[in-house]
Amino acid sequence: MLFYSYFKTLVGKEVTVELKNDLAITGTLHSVDQYLNIKLNSIRVVNEQKYPHMLSVRNCFVRGSVVRYVQLPPGSVDVELLHDATRREARGG
Amino acid sequence: MLDAESIGLLPASERDAQGGPLLDEDEALLQQFERVQLVIGAAADQGEGTLFITEGRIIWLSAAQQDLGYSCDFPTIAMHAVATDAESSQRPCLYLQLDNGCDDGGAFGLGSGGSASSGNSASGSEDSEEEADDLLPELRLIPAEESQLEALFQAFCEGAERNPDTSDEEEGEGAGFFYNQDEALAGAAQGMALGGGGDVEELLGEDPSRFEDDEEEGEEAEEEQAATVEVQQQQAGSNASGHPNGC
């Protein structure tokens, strides 16, 4: 549940979601669920030329299992907090 | 013929006696949306039809053609979105991208034989690449009534939530995570320095590089070292009884 809890703290922030098929979408994180399905608002596609039909897309839902990376805004990442949480989780705590 | 299967769309050419979709034994129909036009890829317009939502998949059946239909299970749907009629002249629709897990160079399963994902590859199979280029794994569902869009979007959200990936293929929470080993070890060492105790700290002890792969260690090096010792013994004492130590 670690990443679910972590991403919930980022709701309202701007993130870029990169899918396993190389599509990258930047938008405001609207919500996330336990499967790390992600809803983004006010999106823009990084590679617009390849997906012209996405130009008029505003809000989207991305299936958690197809996400490769979620790029986070640097200022809003508390690295030590994340380190502590991952160590605890790794120890089964 | 449209190679819809290449992007994860299965043909649904049979119907039940009422003209509805042929469902599996335990499959329950949850919703249906009338008068929904389906466009596959860039512009392969399939015309109007009815969209059926079941627990595990969607089924679209053409209104005009009784043997034309497609189905797609929810895990194949990588993302979906409402695309409203902004600057473009396209009608408001639900836009979907499919990902059937075909790994041809990281792209959407285009073509065959792993050509470059950017589509700029000049190597071989030019013909199949051109055809495949026409079929990006995109779908557009265009309802006759724009007011249906929100309900459509919600239906797909719920479908995805009902159908998470099973963990049969993975070993557990750690599976599928990619990480940089050097960074991970550096982080562990840093954690020690920050006073985060625990098993890792005990194991690393005073040697943070303990778990790193060291190319110079290993069986070959050990054999080399043993051989070196043996040579030294032979040189040192030619009268030795001559049993080398345990090679």
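The name given to chain A in an unreviewed UniProt entry is Sm-like protein LSM2, and the organism recorded there is Chlorella vulgaris. Entered under Subcellular location (unreviewed entry) in the UniProt record, the comment concerning chain A runs "Nucleus". You can read under Function (unreviewed entry) in the UniProt record for chain A the words "Component of LSM protein complexes, which are involved in RNA processing."

As a further point, take the overall build of chain B. Assigned secondary structure in chain B consists of five helices and eight strands. Along chain B, helices (α) and strands (β) appear in the sequence β-β-β-β-β-β-β-α-β-α-α-α-α when read from the amino end. When burial is assessed residue by residue, chain B has 35% of its 247 residues classed as buried. For chain B, the accessible surface area stands at approximately 15,000 Å², while carbon and sulfur atoms represent 45% of it.

This paragraph deals with the interface of chain A and chain B. In this assembly, 30 residues from chain A lie in contact with 39 residues from chain B. Across the chain A to chain B interface the summed buried area is about 2,800 Å²; carbon plus sulfur atoms make up 53%. When the buried area of chain A at its contact with chain B is split by residue, His53, Phe61 and Arg63 of chain A rank highest and sum to 27% of it. At the boundary of chain A and chain B, one finds one salt bridge.

Residue and element names in this part refer to chain B. Overall, the predicted model of chain B reaches an average pLDDT of 76, with 60% of residues at or above 70. Here helix α1 (residues 126-134) stands out as the least confident element of chain B, with mean pLDDT 46; strand β4 (residues 57-62) is the most confident, with 97. Here the predicted complex scores 0.69 on pTM and 0.89 on ipTM.

Right, let's get into helix α2 (residues 79-90) of chain A. For α2 of chain A, which comprises twelve residues, the first-to-last C-alpha distance of 16 Å matches the rise-based estimate of 16 Å (1.5 Å per residue) to within 8%. Positive backbone phi, at 85°, marks Gly92 of chain A, one or two positions downstream of α2 of chain A.

All right, on to the pattern of salt bridges then. Residues and elements named next belong to chain A. Using the criterion set out here, one finds eight salt bridges over all chains in the structure. When the shortest N-O distance is used, the salt bridge between Arg87 and Asp84 registers 2.5 Å. In this pair, Arg87 and Asp84 are both assigned in helix α2, three residues apart and thus about one turn of the helix distant. On the accessibility criterion, Asp84 (31% relative accessible area) is partly exposed. Three or more residues are tied together by salt bridges with common partners; here these are Glu18, Asp22 and Arg68.

Definitions and cut-offs
Residues numbered from 1 in each chain as written. Chains lettered and ligands numbered in written order. Predicted model: local features only at pLDDT ≥ 70, side-chain atom pairs only at ≥ 80, totals over all residues. Heavy atoms only, no water. UniProt positions renumbered as here; feature names shortened; annotations may be inferred. Helix = DSSP H or I, 4+ residues; strand = E, 2+ residues; numbered from the N terminus. Buried < 20%, exposed > 50% of the residue type's maximum accessible area, 1.4 Å probe, protein only. Areas by Shrake-Rupley, 256 points an atom, 1.4 Å probe, with all protein chains shown as cover. Contact = heavy atoms within 4.5 Å. Buried area = accessible area lost by both parts, 1.4 Å probe. Salt bridge = Lys/Arg side-chain N within 4 Å of Asp/Glu carboxyl O. pLDDT = per-residue confidence, 0-100. Expected span 1.5 Å × (residues − 1).

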